[in-house]
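Structure assessment
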Amino acid sequence: MLWGGRFDKEINSVFLKFSSSIKFDIILLKYDLAVSKAHANMLGACGIISKNETSEIIKGLELIEERFYEGLWNPIDKNYEDIHSAVESYLTELIGEAAKKLHTARSRNDQVATGFRMWIKDAALRLSNLLLELQKTFLDLAGQHTRTIIPGYTHLQRAQPVSFAFHLLAYVEMFERDKTRLQNVFSQADVCPLGSGALAGTTLKIDRNMTARELGFSSVSANAMDSISDRDFVIDFLNSCTIGMMHLSRLSEELILWSSSEWNFIKIDDTLTTGSSLMPQKKNPDAAELIRGKFGRIQGSYVAVSSMMKGLPLSYNRDMQEDKEPAFDSFKTYSESLALMKDIFENIIINNERFIFEIEGDYMLATDIADWLVDHNIPFREAHNIVGKISRYAVENNTKLNDLTINELKDFCEVFDDSVLEILDINSSLDRKISFGAPNPRIVNEHIKSLKKSIEIESVNFNTKKNI
Ligand code: ARG
């Protein structure tokens, strides 16, 4: 125990087990060691501890790292309160007296905030790279499907024809926003709280810029109390995971629909589906279902941490230890889902011809007919009404729009002539869409080109301006 002096009784063992975070904050070991090394270097450079003590501490910390990765030290088996106390206690076992100086001018409060910010920065970067990889997969696939016509839906009712490429690009846009959110998480976390002490700084002459620089931060936090109290960066991170995972859950839902016999539009590779223990013919899209389902735990994590923080008085409260498991779990779940989604789309089989005949002459072209009327000087509201009546007539007569004769159409509006029949050709429907952002294959191809150019990079690198 780090704080034994004030107490004359041992901690209750049930309470220790209940309160110990070592089983999950072991993930922070790498960051905690880096924080301690930077702190020891700074204490040495500022003359607060001797050069000898500094190098003993650094060597000791390196030994801890080695022993941990070689499996020679397992702090989880011991009765430690958290990773920070585990490292300090073991360091004392390894190097003796010098270890007792490491905690000079710092508290576990600024220590944990620093290490956790470093973890969040890495996590945001890794998730962004997975999003980048997924975008690349989507753009390659989109390039092959600018003329693969599928119904576009609103209210899950057929609305207007689009292409599969166009549909994929909608997700590429979402992934781009997900990356922007993560970039913001990174910058929010990129402020170093080390040196804020327990909540009110220190009387010792430390150099906060030095530790921040060594740990790769862009700036130091300006108010010690806020530095210790703040977990906004965790909530921002969880919010980004929640929105990103919500996008994946929508995509999963579409994969599930598209792979059903009713849709029969895609086939998910056998390696990413499962069979039924009872029904021999079944092939189930479990990977997509699990991604859809796992959204719940990520949103749950966001709710857990934001409600844990609500109403907490400044500055540190032990409640705040509850910030870690939700963040670790969300990262794991979201990153695995992103990787799996990439595998699904790299091995997907698209039934290109699925809709081409079925939607020829479909009511989905009704808006295009209304636009044709607008082009022939009929006000849109009137055109809408005319085509609405035509659609009803076609439905009642159980016929498709392209089965109607020009005379039947003229009964609804005198202006119609033969050229309107061209509108009913599904193949040219995409080419007729000319507005920026429309599913016209020419526009979509240009969009693919410009997106490919903007993500040509090997990997995301959140270059931030250093202020220290
Ligand atoms: N394990 C703690 C946490 O994650 C570290 C900070 C403990 N600070 C304290 N004053 N008890 O929040």
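Residues take numbers from 1 onward in each chain, read along the sequence in its written order. For a predicted model such as this one, the threshold for reporting local features is a pLDDT of at least 70, and the threshold for listing and counting side-chain atom pairs is 80 or more; totals across whole chains, interfaces and linings nevertheless cover every residue. Hydrogens and water are ignored here; the side-chain numbers use all heavy atoms of the structure.

**Considerations on the overall build of the protein**
Condition: By definition, any uninterrupted DSSP run of H or I lasting at least four residues is a helix, any uninterrupted run of E lasting at least two residues is a strand, and each is numbered from the N terminus. Only C-alpha atoms enter the radius of gyration; for comparison, a globular chain is expected to reach 2.2 Å times N to the power 0.38, where N is the number of residues. Each residue gets one of three labels from its accessible area relative to the maximum for its type: buried under 20%, exposed over 50%, partly exposed in between, using a 1.4 Å probe on protein chains only. Each accessible area is a Shrake-Rupley result for a 1.4 Å probe, and residues are judged covered by the shown protein chains and nothing else. We count Lys and Arg on the positive side and Asp and Glu on the negative side, and we leave His and both chain ends out. For charged residues, the charge sits on one atom: NZ in Lys, CZ in Arg, CG in Asp, CD in Glu.
A tally of regular secondary structure across the protein gives 18 helices and six strands. Computed over C-alpha atoms, the radius of gyration of the protein comes to 30 Å, more than 25% over the 23 Å expected from 2.2 N^0.38 for 468 residues, which places it beyond the range of a compact globule. Across the 468 residues that make up the protein, the buried fraction comes to 48%. Element-wise, carbon and sulfur atoms account for 52% of the exposed surface of the protein, whose accessible area totals about 23,200 Å². The positive charge centre, built from 53 side chains, and the negative charge centre, built from 66, are 6 Å apart in the protein.

**So, the pattern of salt bridges**
The criterion, for reference: A pair is scored as a salt bridge if a Lys or Arg side-chain nitrogen falls within 4 Å of a carboxyl oxygen belonging to Asp or Glu.
Taken as a whole, this structure holds 28 salt bridges when the rule is applied. In this structure, D362 and R158 form a salt bridge, with 3.8 Å as the shortest nitrogen-oxygen distance. You can see D362 sitting in the loop between strand 6 (349–350) and helix 13 (366–375) and its partner R158 sitting in strand 2 (residues 157–163), a full 204 residues away along the chain. Close ionic contact of R297 with D329 constitutes a salt bridge, the shortest N to O distance being 2.7 Å. Here R297 is found in helix 11 (residues 286–309), whereas its partner D329 is found in helix 12 (residues 324–346), with 32 residues between them in sequence. For R297, a relative accessible area of 40% translates into the label partly exposed. Put simply, E81, D82, R108 and R318 are held in one network by salt bridges that share partners.

**Things to note about the packing of helix 6 (residues 108–143) against helix 10 (residues 232–258)**
Formally: Each axis is a line fitted through C-alpha atoms, and for a helix only the stretch in contact is used; angles between axes span 0 to 180 degrees, taken between their N-to-C directions. Geometric relationships in this document are graded by angle, where less than 35 degrees denotes roughly parallel, more than 145 denotes roughly antiparallel, 65 to 115 denotes roughly perpendicular, and other angles denote oblique. What makes a crossing left-handed is the near helix being turned counterclockwise from the far one by less than a right angle; a clockwise turn instead makes it right-handed. Note on contacts: a residue pair qualifies if any of its non-hydrogen atoms lie within 4.5 Å across the two residues. As a working rule, the residues Ala, Val, Leu, Ile, Met, Phe, Trp, Tyr, Cys and Pro are called nonpolar, Asp, Glu, Lys and Arg charged, and the rest polar, with Gly in that last group.
The interhelical angle for the contact between helix 6 and helix 10, taken along N-to-C directions, is 20°, at an axis separation of 10 Å. One element, helix 6, and the other, helix 10, form an angle in the roughly parallel class. Crossing geometry of helix 6 relative to helix 10 is assigned as left-handed. The residues of helix 10 that touch helix 6, namely those facing A113, F116, R117, W119, I120, A123, A124, L127, L134 and F138, are F233, V234, F237, C241, L248 and L251. Its residues placed into classes, the contact of helix 6 with helix 10 shows 15 nonpolar, no polar and one charged.

**Topic: the pairing of strand 1 (residues 149–154)**
The line we're drawing: Pairs of strands are assigned from DSSP output, requiring at least two bridges between the strands.
Of the strand pairs in this sheet, strand 1 and strand 2 are connected by six bridges, and their pairing is antiparallel. In the sheet register, P151 faces strand 2, and the bridge partner there is P161. The antiparallel hairpin formed by strand 1 and strand 2 contains two residues in its connecting segment, where H155 sits at a positive phi of about 55°.

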